[in-house]
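So you can see what is in the structure, the chains are spelled out below.
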Amino acid sequence: MASYDHFKESGRDLPYAAGHHSENIRAIKQVIETSSSLLVLGLSGSGKSSILRFLVSNPAAQSSGMSFVYIDCNSLDWERDKETAEEEICGNIIEYVFAQRLLEAANFRDNEPARAQLRFLMKDLSVNGPPHLAIIFDRSELLQNRLGEPFFDYLRSLRDINPHLSFAFCGRNLTPGAFGELADILWDEPIWIGALSAEDAENALHRHLARLGLALEVEHTDKLLRCAGRHPGLIKYACELVRAGKVHLDNDEMEIIEQLLVSPSIERQCRDMWQDLDLERQDALRRIAKGRSLPSSSIIEWLMRCGVVDRSENGEVSFTYPLFGKYVDSLGPPPLAVEKNTVFKGMEELVLSREEFNLFEILWKKQPDIVGHDQISVAVWPYAYWEVTPQLINRLVKRLRGKLGDRRYIKSVYGRGYRFIQGTAPLPRDGVLEDPNRYLTSTQHKVLMLAMKVGNNHRPTSMQRRVLSILSELEDLVVPPLSVVG
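Residues numbered from 1 in each chain as written. Predicted model: local features only at pLDDT ≥ 70, side-chain atom pairs only at ≥ 80, totals over all residues. Heavy atoms only, no water.

### A look at the sheet that holds strand 12 (residues 410-413)
The three strands lie next to each other as 11-13-12, forming an open sheet whose pairing is antiparallel. Strand pairing shows two members of the sheet lacking a second neighbour, strand 11 (370-371) and strand 12, which therefore form its edges. As paired strands, strand 11 and strand 13 (residues 417-420) are joined by two bridges and run antiparallel to one another. Within strand 13, the residue paired with V371 across the bridge is Y418. (Pairing = 2+ DSSP bridges. Helix = DSSP H or I, 4+ residues; strand = E, 2+ residues; numbered from the N terminus.)

In structure tokens, the structure reads:
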């Protein structure tokens with residue numbers, strides 16, 4: 001294989017516009033020209049792999065005297081032991097070096113291990129090879145997780161043999177401290193692949209439309225781009241959904257976003273981006289989505305660097321990808337955690353009274369089981385449990401829900417008690433749980449129960465029980481059994 005022209009990024013089928021990802025490519029080449037190594041980072045679907053494949057497969061994008069070897073770690077056979085995996089990687093590098101005619105002859109014996117052969121090869125390349133040779137490892141998380149520091153120490157030894165050698169490690173969650181001795185020659189700052197430029201986003205949209213054989217009016221292309229934002233993956237999936245007839249561009253933008261979010265491909269892309277973030281950054285995005293106080297400036301800068309948010313001239317912070325912003329807004333409450341009698345909501349420490357913590361603790365430990373009133377009484381008021389009334393428990397539950405900031409954590413179960421629910425499931429599409437005007441007051445509830453009585457024995461029907469069960473989830477009160485209302 002003499003070149004990488006089999007990559008779709010080579011533009012063989014659909015040519016790329018001039019200046020494609022020019023800023024990112026310029027930054028990568030500048031590091032390689034110093035014979036330094038670098039990390040290329042980005043959230044899921046940001047196009048970091050595509051940019052590197054474009055660079056290695058387009059000679060016009062490369063600087064003079066620069067050569068590349070591209071290794072896709074995801075294509076390697078990781079079912080085998082570490083030594084075999086390392087041999088495969090070294091063998092691939094040797095194969096690509098000769099396929100691209102970077103050397104004419106090998107100065108090693110064929111029966112030697114690939115690791116040893118590559119050492120000899122690097123010695124020859126240091127004298128007769130290109131001025132700059134960059135080996136790119138795509139999806140490098142696999143290297144960190146499967147091979148670890150010993151392999152990076154080996155790569156560092158290759159760099160010691162050939163000072164013209166650079167490495168580029170591309171991934172989503174790479175830890176510089178896990179690169180062993182190689183960390184000493186890494187560029188000071190990773191190169192982040194964030195949101196597309198306005199020009200690149202428009203070019204990406206039109207490339208996908210051309211690929212799918214779609215011709216849209218300018219008004220519709222602009223609307224689709226505003227909804228998806230400048231994210232390569234979201235743009236791609238949005239175009240495919242339009243082609244499949246699942247998105248109607250005559251609707252307003254919020255309706256289009258709702259249609260897009262129903263798609264499994266869009267939901268999966270948003271979920272992958274969300275899971276790339278730690279709790280602190282997830283908390284920050286929740287606050288931005290809800291219009292609450294902004295997180296620290298360092299968090300904002302990090303989110304801007306990876307392209308998730310942008311700051312306007314007047315200082316307003318908003319999502320770069322409106323589609324992802326809506327996804328974040330639709331998520332359930334942040335996860336809770338307990339550590340040494342302290343409750344954390346995401347990164348926030350909650351201040352609870354003794355009674356509130358005791359209630360939280362029993363619901364937490366019993367989840368997802370239902371905890372009855374008697375169990376709560378004993379757990380919260382062990383020395384006066386016989387005096388506890390349903391109304392007292394109800395008021396305590398209401399206070400705890402207020403501290404937790406979201407009533408969905410604690411679910412009322414009609415006639416039985418309460419249940420704790422941990423998770424980040426999206427809100428219902430109709431937003432019932434978000435609208436306080438949809439909740440019934442205690443008086444309204446009792447009136448409804450009285451009005452539902454039928455017959456002389458006042459026995460509830462199955463439909464009545466179903467209605468009351470639903471109402472009990474929507475209201476902060478202990479629902480009394482139908483048989484005692486009268």
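Let us keep going from here.
### As for the pattern of salt bridges
Per the counting criterion, the structure on display carries 23 salt bridges. A salt bridge links E240 to R211; its shortest N-O distance comes to 3.3 Å. Residue E240 is located in helix 9 (residues 232-243), and its partner R211 is located in helix 7 (residues 198-212); the two are separated by 29 residues in the primary sequence. A salt bridge links E356 to K403, with the nearest nitrogen and oxygen atoms 2.7 Å apart. Placement of E356 in helix 15 (residues 354-366) and of K403 in helix 17 (residues 390-404) is noted, with a sequence separation of 47 residues between them. With a relative accessible area of 4%, E356 lands in the buried category. Three or more residues joined by partner-sharing salt bridges are found here, namely K8, E9, R53, D72, D138 and R139. (Salt bridge = Lys/Arg side-chain N within 4 Å of Asp/Glu carboxyl O. Buried < 20%, exposed > 50% of the residue type's maximum accessible area, 1.4 Å probe, protein only.)

### Comments concerning the packing of aromatic side chains
This model, assessed by the stated rule, comprises 21 aromatic pairs. Ring geometry for Y4 against Y96: centres 5.4 Å apart, planes inclined by 35 degrees, an arrangement best described as tilted. Residue Y4 is found in the segment before helix 1 (22-33), and its partner Y96 is found in helix 3 (residues 82-99); the two are separated by 92 residues along the sequence. Relative to W302, the ring of W192 lies with its centre 5.2 Å away and its plane at 75 degrees, an arrangement referred to as edge-to-face. Placement of W192 in strand 5 (residues 191-192) and of W302 in helix 13 (residues 297-305) is noted, with a sequence separation of 110 residues between them. On the basis of relative accessibility, which here comes to 15%, the residue W192 falls in the buried class. One aromatic cluster is present, formed by F137, F151, F152, Y154, F167, F169 and F179 through successive ring pairs. (Phe/Tyr/Trp six-rings, centres within 6.5 Å; stacked < 30°, edge-to-face > 60°.)

### Brief notes about the nonpolar core
Soluble globular proteins tend to pack their nonpolar side chains together in the buried interior. Core analysis: the largest hydrophobic core is formed by 112 residues, its most contacted members being F137, L143, L155, F169, L285 and F324. Core analysis: the second largest hydrophobic core is formed by 23 residues, L352, V397, L404 and F420 among them. (Core = buried A, V, L, I, M, F, W, Y, C linked by side-chain atoms within 4.5 Å.)

### Digging into unusual backbone geometry
For the bond from Q367 to P368, the omega torsion is 5 degrees, close enough to zero to count as cis. In the Ramachandran plot, H21 falls in the positive-phi region, its phi being about 50 degrees despite a non-glycine side chain. Within the secondary structure layout, H21 lies in the segment before helix 1.

### A look at the pairing of strand 1 (residues 38-41)
Each regular strand displays side chains that alternate between the two surfaces of the sheet. Of the two faces of strand 1, both are covered, the one formed by L38 and V40 as well as the one formed by L39 and L41. As judged from the four bridges shared by strand 1 and strand 4 (residues 165-171), these two strands associate in the parallel manner. By the bridge assignment, L39 is partnered in strand 4 with F169.

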